[in-house]
Amino acid sequence: MQHKSEYRFLRGRKKRMSKCITNNLSEMQDPQPVMLAAKDLLAHAMTPVYRVINGLLVVGVFMVVGFWLSGNGTNAGPFDLARILVPDEARHMVWSNGFGMLEQYKAANEDSNQAASTEIASVIYGKSNAASVGLNAAKHQTVALLMPSVAQLQVKSISHLADRIPTSKMDPQALDGNLMGSIQNQRAVADFFEKKYSLDRAKIEEYVSNTILIAKEVNIDPVLLLAVISVESNFNPNTKSHAGAEGLMQVMTSVHKDKYALYGGTAEAVKPEVNIRVGAYILKYLIATAGSLRNGLKYYVGAANAEDDGGYADKVIAERNRLISLCQIRSTNRLTLNGKDLRS
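Bear in mind the structure is a predicted one, so any value in this text is a computation, not a measurement. (Residues numbered from 1 in each chain as written. Predicted model: local features only at pLDDT ≥ 70, side-chain atom pairs only at ≥ 80, totals over all residues. Heavy atoms only, no water.)

J.: What is the right way to look at the environment of A227 in this model?
T.: Along the polypeptide, A227 turns up in helix α9 (residues 222–233). Along the primary structure A227 and R322 are separated by 95 residues, whereas in three dimensions their C-alpha atoms are 9.1 Å apart. (Helix = DSSP H or I, 4+ residues; strand = E, 2+ residues; numbered from the N terminus.)

Rendered as structure tokens:
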């Protein structure tokens, strides 16, 4: 009996020890699934936060890229940040190689067999798609200006129309000779017109700077535009002819309502930054369509069907030549110092 009692005692003790060991092992193994479950729960809870953060990053990248592509020469706010991240030269490469090729492709596919008279009628009487401004509305040229503040004006670009005119159709005389890229030449031209028309200095600098900026936008010679403005309006934006031509470029407002719609309607027709844009586009179109600078000026003055233009083209070309000579003299003087030629 004693042996049986000892045997039962030892057997019970062994069972208790086995159970204790099993419980201890279970307790050691249980924390791992608990920790994994906790991690899964935390990850699930943080998913919306991660989505918000990723969304903000994507929006931020798009905003920076958008400001970078549409930078308009201002020196404040997000434009400044975008310019710090990526230089202006890169943006110009994007526009020239990317959207520039797209516009050239569109222009190459236009029907070039239309008669000149039909093209003239379309630009004078036809409707332009002013609503399709597209990405070209953000395209701006970087250029030094006598009055830099004009570059900060928020005015819609007309390049989406002007870029449709192939450069190959333009008379080389109507293309930019880069004379007005110099601040010294701009100042000399402003001095000339200030004395010729007794103009307010600030106003003439504004008109000259606007013309240079718009000429870059339209891809036409700014000296030519300045000569047309001089002959047409004597740099008086309030000039209005009996036929209804208005503004610095003396554009026929009633005829070109569709183009002014882009800028808010004909009430804006006399604003220099609007009038010069519309006039520059029309002049470029007429020169390309008429086949030469002289014929384009003849069409611009409304003498397309007349034997002569009453000397209008001669006046504009003579004024243009005076400005070219003035700039060339100024450029030559800049290359000398105390009688010594700096080019050597």
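Read on, since the account is not over.
J.: How should the packing of aromatic side chains be read in this particular structure?
T.: Any pair of aromatic rings gets described here by the distance separating the centres and the angle formed by the planes. Tallied over the full model, the rule gives 5 aromatic pairs. Ring geometry for F192 against F193: centres 5.2 Å apart, planes inclined by 65°, an arrangement best described as edge-to-face. Taking relative accessible area as the criterion, F193 reaches 0% and is therefore assigned buried. Following the ring pairs from residue to residue traces out a cluster consisting of F192, F193, Y197 and F235. (Phe/Tyr/Trp six-rings, centres within 6.5 Å; stacked < 30°, edge-to-face > 60°. Buried < 20%, exposed > 50% of the residue type's maximum accessible area, 1.4 Å probe, protein only.)

J.: Which parts of the structure should I look at to understand the environment of E232?
T.: Note on placement: E232 falls in helix α9. For the pair E232 and V316, spaced 84 residues apart in sequence, the C-alpha to C-alpha distance is 8.9 Å. Ignoring anything within four residues of it in the chain, the contact list for E232 reads L248, M249, Q250, Y300 and Y312. (Contact = heavy atoms within 4.5 Å.)

J.: Help me understand the confidence of the model for the chain, please; the structure alone is not making it clear to me.
T.: Close reading of the predicted structure is inappropriate where its pLDDT is low. Of all residues in the chain, 63% attain a pLDDT of 70 or more, and the chain-wide mean is 77. Strand β3 (residues 336–337) is the least confidently modelled element of the chain, averaging 42 in pLDDT, while α9 averages 98, the highest of any element. When the criterion is pLDDT under 50, residues 72–77 qualifies, and its contacts beyond four places in sequence or with other chains add up to 10 contacts. (pLDDT = per-residue confidence, 0-100.)

J.: Just checking my understanding: could you explain the nonpolar core for this structure?
T.: One broad trend across soluble globular proteins is that nonpolar side chains are buried collectively. Ranked by size, the top nonpolar core spans 64 residues in total, and within it I220, L224, V228, F235, L283, L297 and Y300 carry the most contacts. Of all elements in the fold, only α6 (159–162), α7 (183–197), α8 (201–218), α9, α11 (272–290), α12 (293–300) and α13 (312–334) reach the threshold of two or more residues within this core. Residues within four places of I220 in sequence aside, it is in contact with M170, A174, D176, A215, L225, A280, L283, K284 and I287. (Core = buried A, V, L, I, M, F, W, Y, C linked by side-chain atoms within 4.5 Å.)

J.: Is there a simple way to explain the pattern of salt bridges in this structure?
T.: Where charged atoms from two side chains of opposite charge come close, those side chains can pair. Throughout the structure, instances matching the rule amount to 12 salt bridges. D191 is the salt-bridge partner of R201, the closest N and O atoms lying 2.4 Å from each other. Placement of the pair is R201 in helix α8 and D191 in helix α7, with a sequence separation of 10 residues. Using a relative accessible area of 22% as the deciding quantity, one classes R201 as partly exposed. Put simply, R201 and E194 hold a salt bridge, and the shortest N to O gap is 2.8 Å. Beyond isolated ion pairs, a larger network of salt bridges with shared partners links D191, E194, R201 and E205. (Salt bridge = Lys/Arg side-chain N within 4 Å of Asp/Glu carboxyl O.)

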